[in-house]
Every structure is written in C-alpha cells, then in structure tokens.
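Results of the structural survey
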Amino acid sequence: MREFSVRPEIMEFDPYKPGLTIEQIQAEYGLETVIKLASNENPLGTSPVVQKTIERNAARAFRYPENHTPRLVEEISRQVGVPEECVLVGNGSDEIIDMLFRMKAHPGRDNVVCYEHCFSMYRMCAKLAGVEYREVPRGKDFALPLDKMAEAADENTAMVIVTSPDNPTGQVAHVEDLAVLAGVLPKDCLLVVDEAYVDFTWPPESYTPVQAWDKFENLVVLRTFSKAYGLAGLRVGYGILPPALMARLKNARIPFTVNLLAEEAAIAALRDETFYNETLQLVMSGREYFADELKRLGCRVWPTQANFVMFQPPKNAMDVFQALLERGIIVRPLKSFGLPDCIRVNVGTKQENETFIKVIGELLRG
Ligand SMILES: *Cc1c(COP(=O)(O)O)cnc(C)c1O
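Residues numbered from 1 in each chain as written. Predicted model: local features only at pLDDT ≥ 70, side-chain atom pairs only at ≥ 80, totals over all residues. Heavy atoms only, no water.

Our focus in this paragraph is the side chain of N346. Along the chain, the position of N346 falls in strand β13 (residues 343-346). Judged by its relative accessible area of 3%, N346 falls in the buried class. Those residues in contact with N346, other than ones at most four positions away along the chain, are L37, A38, S39, N40, E41, F290, N307 and F308. (Helix = DSSP H or I, 4+ residues; strand = E, 2+ residues; numbered from the N terminus. Buried < 20%, exposed > 50% of the residue type's maximum accessible area, 1.4 Å probe, protein only. Contact = heavy atoms within 4.5 Å.)

Let us look at the environment of R332. With respect to the element layout, R332 can be found in strand β12 (residues 332-333). Along the primary structure R332 and L20 are separated by 312 residues, whereas in three dimensions their C-alpha atoms are 8.6 Å apart. Here R332 is in contact with K17, P18, G19, A38, F337, I343 and R344, once residues within four sequence places are set aside. A polar contact of 2.8 Å, which involves the side chain of R332, links it to the backbone oxygen of K17. (Polar contact = N/O pair within 3.5 Å; in protein donor to acceptor, adjacent residues only side chain to side chain.)

Here we take up the packing of helix α4 (residues 93-103) against helix α8 (residues 243-252). The N-to-C vectors of α4 and α8 enclose an angle of 95°; their axes lie 11 Å apart at closest approach. Taken together, the axes of α4 and α8 are roughly perpendicular relative to one another. From α4, M99, L100 and M103 reach across to α8, where they touch L245, L249 and A252. The class makeup of the residues in the contact of α4 with α8 is six nonpolar, no polar and no charged. (Axes fitted to C-alpha atoms, helices over the stretch in contact; angles between N-to-C directions. Parallel < 35°, antiparallel > 145°, perpendicular 65-115°, else oblique. Nonpolar A, V, L, I, M, F, W, Y, C, P; charged D, E, K, R; others polar.)

Further remarks concern the UniProt feature "domain: Aminotransferase class I/classII large" (unreviewed entry) in the chain. Look at the UniProt record and you will see "domain: Aminotransferase class I/classII large" (unreviewed entry) annotated at residues 33-360. Helix makes up 38% of residues 33-360 and strand 16%. Its end C-alpha atoms lie 16 Å apart. (UniProt positions renumbered as here; feature names shortened; annotations may be inferred.)

Moving on to unusual backbone geometry. Residues S164 and P165 are joined by a peptide bond in cis, for which omega reads -5°. With respect to the helices and strands, the residue P165 is situated in the loop between β5 (157-163) and α7 (175-184). For the peptide bond that leads from W202 to P203, omega is -10°, which places it in the cis range. Turning to its location among the elements, P203 is positioned in the loop between β6 (190-194) and β7 (219-224). The residue T69 is not glycine, and still its phi comes out positive at about 40°. In this fold, T69 is placed in the loop between α2 (48-57) and α3 (70-80). The class for T69 is buried, based on a relative accessible area of 2%. Of note, F256 is a non-glycine position whose phi angle comes to about 60°, a positive value. Turning to its location among the elements, F256 is positioned in the loop between α8 and α9 (260-271).

Rendered as structure tokens:
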C-alpha cells in the first residue's frame, strides 16, 4: 500500500481516546445489559421535548441550516444575559477550542498555558496548530494552580485555559480568583474558562465569571449542550467571547458546522426547564451518594462540583476498571490523564448508581 506524507505534527499523533461504548462491551463480554458511567453524559438521556422537536424538524434536513445559527445565538444571549455579538455556537465546544487554537495562536511563535491532568483536547489542538503547550503543576489535592499559570504566561502566551469545574478532578476555581488571573495576564492573552460542567455547580455565581463578562476584556467562556442538556450526540456547544475577537473568528470559520437539527434541539433544550432541573437534582444527589458510599468502601474520594466523582480505590485502579467492565459497568480509568491510580465515574440514574456501588463493593471487599 502506498504511504502518503502528512504534516510532521501528525506523523505520530496521539489520538483522542474516547470512553468505551455500550455496544463494544456487550459484544466483547457477551453481556446483555451494560451500564455506561464513563463519558459524563446525561443520566436522563435526551429530553422527550427535545426528541419531539427533532422529529418535527426531520423533514427539513435537506435544507442548509442558517449560517452561525442566529436563532440559537439569540436564545443563548437571552438566557445567559450577554449580547448576541459575544456568542459563537460550534459543533460541540470542541470546535470552539479548535478555532481558538488555530485562529488566535500564532504557529511557531505562541504558547498556551494549561495545567497537568487536564482535558486532552487542549494538548491535541496545540500540537495540530503548531503552538507550544505549557503545563504547570497543580497544587495539593489537585487545586487549580491559577497563580502558577499567571507566572507561566509571557508575551507570547495566546491563552491560559482553566477547566472549571475541572475534568477529571471535579475541582473548581472561584470567580474572584479568575478575576485576579484575568487582570494580571499579558495584554494579548485570553483567559479561557471551559465551563462544560458549570451547570452542576452550586451556587453558580460563585464560580462562573460570565455575569461580569463586561468587566473583563480578555475572557472567553466555553459551554456545551453535551452534559446537562443531554445532547452529546448532536454536537453543540458555544463560546462567549470579546466581541472584536468573535467577529474575526466568525469571518474565518468553516460555514454550516452546526447542523439544522442540532440548532432546533438546542433551542428546545434551553427552554425545557423541567428536564434541566430534574437533571441537576439527580446529579447533585447522586454525587453525594457516590462520595459517601465510595468512602465507606475505603476509597479516597475528591470533592466535586461536576456530574462525576474522581476516586482512588484501595486496589489497583486498572484491575478494578477491568473487573467492572467484565461485569457490564463502564467507568473511566484515568491513566491517560496521568492519574493511573484513579477512576472517574459519572452519576447515572438512581438504579445505575446503586448497581455500580453494589458491584464495586463486591470487588473491593472480595
Ligand atoms: C465534555 C467536555 C467538553 C464538551 O465537549 P463538546 O465538544 O461540547 O461535547 C469540553 N470541555 C471539557 C473539559 C469536557 O469535559
């Protein structure tokens, strides 16, 4: 077979490793029922209201969507309380992350500052964009190292990225500390706060800087419909950006990356308060249940403001992961995050949560 050359950056690329799917595990272990608690998806599934909306719009799939999804932008602007000129919708917030790396950072010159054990997309996008990736060490118990990030930023730092709540540790940054960080960054450097899990914080105003978006000149906030809104499969997320930057990115982006059904579904999801509130309730009680039960089983458990819990079992984490898999429960081992002793498990339905605790209890006691 003929070999073709590709850009040197992608010759030996470290691919993104997604969580395993239910179908893969059913086939591999001959299991009928498999519980997936590995990708931080919504335990309630897709809202019935949103499902109806998708069905109602199915016949329109032959049309191109409206470029830049103006109706969704309007709805986000109203709900979040920021001007439409600040809102950029993407094919998942991953698309916005990718756009920021490709369009804000200068290849071969700029760097981006993150911290260790963070979401792997940032490193991946940096590599692809030809941008230096700087990772600063974290504080005790994985505290988010905002001071060290400020120290690591220089005149060639295009952005500093904080995930809050953090994946996979569940840690959060407080809004006052984010404001301090934003204030000390070099003039051309953005503070990007990836708020994929912000819906699950309480109270949100202590954590998200979005309310004061007009007091910051260098703030970018990223949000997604993949977690609390249950639309991971449709791929919709958005960024809130300084308007001048937003206008530049919008001009240069690929058209129509957000599809017509995704726009309709996201609008319906934003209006479906009942489903959203039920999700939050389930997640908040579920994470407490997990923390209590896992501690009782001798695990080390870190506090979390997200829809998942990170824990260290008293036995080898990879063995525990594998044994759970064979019993039809998929969780996320954190070796690829540089945390080989830890596991991340997301909150499921009440019944899924109880099954998980029962099965891991048998494994850890046995
Ligand atoms: C899930 C997640 C996202 C959201 O990704 P989408 O592309 O919107 O599905 C972004 N950042 C982090 C840290 C995440 O865990």
